[in-house]
Amino acid sequence: MVSSASTSDTESRDSSSFAQLDTNTQLFMSLHQLDTLSTAGLRQRIPSEIARQLDGLPSSACNVRIIAYLARHENEDVYQNDVERHCGITRSTASRVLNMMERKGLVRRIIPTFDARKRQVMLTDKSRRLVRQIEESGSDYFAALAEGISPSDMETTLRTIKRLLARSEQEAKPLD
C-alpha cells in the first residue's frame, strides 16, 4: 500500500520533471494527454444508439476517428493510406478495421480507375448520420471543457493547433 505522502512526492517529482521540459515538448505531451482524456470522455457520452452501431468493431475510438476524418475531408479523395497515416495504424490494421466498417455499412471503398492498387474510402449515408449524432454529443461535452476559457484564448489556441496540424501532416507525407 502506498502512503499519501509518497504519492504526493511522486506527483511533485513528476510535475517538476514536466516543468523542466522545453515548452514544445510540454505542449505536445499536453496535446496528447488532452486527446486521450477527451476521447475517453466523449466515448462515455456517446449515446447508446451510436455505440450499438459501432458494436463489434475493434477500437471504436479508431472507428470514430476514421469517420470524423472522412467527414472533414468529404470533398476530397481519401485513400486507405491517408487513413493509415492519420490514425497512425499499419496497413494490415487499416485493412482489417475498414473491412469491418464496410461490413457494418459505415464506409465504402472503391478502386480508382487510375491505380488498381489504391482504395478510395468514402462515408456512407449511415456514417453521415452518425457524424451528426456524434457532433451533437460532442458539442455539449467540448463546451463544458472550454467553460471559463475566453473566446480569444480559444481562437488563439485553435489557430496554433491548426498550424501544428498542417506542419505535422506535411512532415508525415512520404518522401518522393
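Note on numbering: residues in each chain are counted from 1, in written sequence order. In view of the model being predicted, local features appear only for residues whose pLDDT reaches at least 70, and side-chain atom pairs are presented and counted only at 80 or more, with totals across whole chains, interfaces and linings using the full set of residues. With hydrogens and water set aside, each side-chain value is computed from the structure's full complement of heavy atoms.

On to the nonpolar core, then. Counting residues in hydrophobic clusters, the biggest one holds 19 residues, and the most contacted among them are Ile-66, Ile-67, Leu-70, Val-83 and Met-101. Numbering goes from the N terminus for both helices and strands, where a helix is a DSSP run of H or I of at least four residues and a strand is a run of E of at least two. Within the residue set of this core, elements represented by two or more residues are helix H4 (60–72), helix H5 (80–87), helix H6 (91–103), strand S2 (120–123) and helix H7 (125–146). For this core, the element with the highest residue contribution is H4, accounting for five residues. For this analysis, a nonpolar core means a set of buried residues of the types Ala, Val, Leu, Ile, Met, Phe, Trp, Tyr and Cys, connected via side-chain atoms within 4.5 Å. Each residue is assigned to one of three classes by its accessible area relative to the maximum for its type, calculated with a 1.4 Å probe on protein chains only: buried under 20%, partly exposed between the two thresholds, exposed over 50%.

Salt bridges, as used here, are contacts in which a Lys or Arg side-chain nitrogen is within 4 Å of a carboxyl oxygen on Asp or Glu. Across all of its chains, the model carries five salt bridges by this definition. Residue Arg-128 pairs with Glu-74 through a salt bridge whose shortest N-O separation is 2.6 Å. Of the two residues, Arg-128 sits in helix H7 while Glu-74 sits in the loop between H4 and H5, which places them 54 residues apart along the sequence. Of the charged contacts in the structure, one is a salt bridge between Asp-125 and Arg-128, with a shortest N-O distance of 2.9 Å. Note that Asp-125 and Arg-128 are positioned in helix H7 at a spacing of three residues, about one turn of the helix. With a relative accessible area of 28%, Arg-128 lands in the partly exposed category. Among the ionic contacts, a cluster of salt bridges with common partners joins Glu-74, Asp-125 and Arg-128.

Before going further, it helps to examine the confidence of the model for the chain. One confidence number per residue, pLDDT, is output by the predictor and ranges from 0 to 100. Looking at the chain, pLDDT values average 80 and 77% of them are 70 or higher. Between the elements of the chain, mean pLDDT differs from a low of 58, seen in helix H1 (residues 4–20), to a high of 95, seen in S2. Between residues 1–13, whose pLDDT stays under 50, and residues either more than four places distant or in other chains, the model counts one contact. What makes two residues a contact is simply this: any of their non-hydrogen atoms within 4.5 Å.

Time to look at H5. Buried within H5 are the following residues: Gln-80, Asp-82, Val-83, Glu-84 and Cys-87. Looking at the residues trailing H5, positive phi occurs at Gly-88, about 65 degrees.

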